[in-house]
Amino acid sequence: MAAHSLAQDKDAIRSYANGTLKFQVVGEEATMIHPIPPQESLESLGARVRPILLEGEVVSFRNGIDSLGYLLHQSDADFDKDQAKRICKDFKKSWRSLLERHRDVNDPIVRMVDPDDQVLHEHSWRELAWAWVYIDLVHEDSDRLARSGRFGISERYW
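Residues numbered from 1 in each chain as written. Predicted model: local features only at pLDDT ≥ 70, side-chain atom pairs only at ≥ 80, totals over all residues. Heavy atoms only, no water.

Engineer: Please clarify how the overall build of the protein chain should be interpreted in this entry.
Structural biologist: Counting secondary structure elements, the protein chain contains eight helices and four strands. Among the 158 residues that make up the protein chain, the fraction classed as buried is 23%. When contacts within the protein chain are restricted to residue pairs at least 6 apart in sequence, long-range pairs at least 24 apart make up 46% of them. (Helix = DSSP H or I, 4+ residues; strand = E, 2+ residues; numbered from the N terminus. Buried < 20%, exposed > 50% of the residue type's maximum accessible area, 1.4 Å probe, protein only. Contact = heavy atoms within 4.5 Å.)

This is the structure we're talking about:
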């Protein structure tokens, strides 16, 4: 994964992760620019990351941490095994929180409304991002596809 083209430009990755918005004003016209990586590059990266994200895969992150914990426990090396166990437990907890797909109060909301301003569908950017990862990249979550309502791949990606 570190060799992937998207991983090479650390500043661009930080910009994408931070959701940097740029505004451009020319005359009376204002444009909001939200830089995103090329879709093909993200799909390529998604193919590499997929086995780590899916719990059922042998090389999933959780299985990797479990294996690391086992190896550390069995090791004859001189280190605090209780501390190593706590570190592995903290890694797993951090991973679970990273994968949380709930709405955070600080998440921007995307709404689809009818002509009478009645909300038809509403999702946070986080929910749409995870929907894009699991539906469009990983191709793993048909329930999430149903819950994403009318927000198609364009809305999930852009």
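What follows picks up the thread again.
Engineer: I would appreciate a short explanation of the pairing of strand β4 (residues 119-124) in the present structure.
Structural biologist: Moving residue by residue along a regular strand, the side chains alternate between the two faces of the sheet. Sheet analysis places strand β3 (residues 109-113) next to β4, joined by five bridges and oriented antiparallel. By the bridge assignment, V110 is partnered in β4 with H123. (Pairing = 2+ DSSP bridges.)

Engineer: Can you help me understand the side chain of H4 in this one?
Structural biologist: Mapped onto the secondary structure, H4 falls in the segment before α1 (5-8). For H4, the side chain forms a polar contact with the main-chain nitrogen of L45, separated by 3.3 Å. Not counting residues within four places of it along the chain, the set of residues in contact with H4 comprises S41, S44, L45 and R48. (Polar contact = N/O pair within 3.5 Å; in protein donor to acceptor, adjacent residues only side chain to side chain.)

Engineer: Which parts of the structure should I look at to understand the packing of helix α4 (residues 61-74) against helix α5 (residues 81-98)?
Structural biologist: When two helices pack together, their arrangement is given by the angle between the helix axes and by the axis-to-axis distance. Viewed as axis vectors pointing N to C, α4 and α5 meet at an angle of 180 degrees, and their least axial separation amounts to 10 Å. By the angle class used here, α4 and α5 are roughly antiparallel. In this structure, α4 contributes F61, R62, I65, D66, L68, G69, L72, H73 and Q74 to the contact, and α5 contributes K81, A84, C88, F91, K92 and W95. Tallied by class, the residues present in the contact of α4 with α5 amount to eight nonpolar, three polar and four charged. (Axes fitted to C-alpha atoms, helices over the stretch in contact; angles between N-to-C directions. Parallel < 35°, antiparallel > 145°, perpendicular 65-115°, else oblique. Nonpolar A, V, L, I, M, F, W, Y, C, P; charged D, E, K, R; others polar.)

Engineer: Even after reading the chapter, I still don't get helix α3 (residues 39-53), so can you show me in this structure?
Structural biologist: Because an α-helix packs 3.6 residues into every turn, residues spaced three or four apart end up facing the same way. Approximately 40 degrees is the largest bend angle found in α3, and it occurs at A47, with the proline P51 only one to four residues beyond. Within α3 the residues assigned to the buried category are S41, L42, G46, I52 and L53. (Bend = angle between axes of the 7 residues up to and from the residue.)

Engineer: In this structure, what is going on with the packing of aromatic side chains? I would like to understand it.
Structural biologist: The geometry of two aromatic rings is summed up by the distance between their centres and the angle between their planes. Tallied over the entire structure, the rule returns one aromatic pair. The interplanar angle of 20 degrees and the centroid separation of 4.2 Å between the aromatic rings of F61 and W95 together place this pair among those described as stacked. Separated by 34 residues along the polypeptide, F61 in helix α4 and W95 in helix α5 bring together distant segments of the chain. (Phe/Tyr/Trp six-rings, centres within 6.5 Å; stacked < 30°, edge-to-face > 60°.)

Engineer: Would you explain a nonpolar patch on the surface in this entry?
Structural biologist: A cluster of nonpolar side chains, namely L21, F23, M32 and W125, defines an oily patch on the protein surface of about 440 Å² accessible area. Relative to the elements of secondary structure, M32 occurs in strand β2 (residues 29-33). (Patch = residues over 30% accessible without salt bridge, like charges linked within 9 Å, V, L, I, M, F, W, Y side chains within 5 Å. Areas by Shrake-Rupley, 256 points an atom, 1.4 Å probe, with all protein chains shown as cover. Salt bridge = Lys/Arg side-chain N within 4 Å of Asp/Glu carboxyl O.)

Engineer: Could you clarify how one ought to interpret the environment of G19 in this entry?
Structural biologist: Structurally, G19 can be placed in the loop between α2 (10-18) and β1 (22-26). Sequence separation between G19 and H34 is 15 residues; the distance between their C-alpha atoms is 7.2 Å.

Engineer: What's the story with the pattern of salt bridges in this structure? I'm lost.
Structural biologist: Scanning the model with the defined rule gives two salt bridges in all. With a closest N to O distance of 3.2 Å, R14 and D11 form a salt bridge. Separated by three residues within a single helix, R14 and D11 lie in helix α2, roughly one turn from each other.

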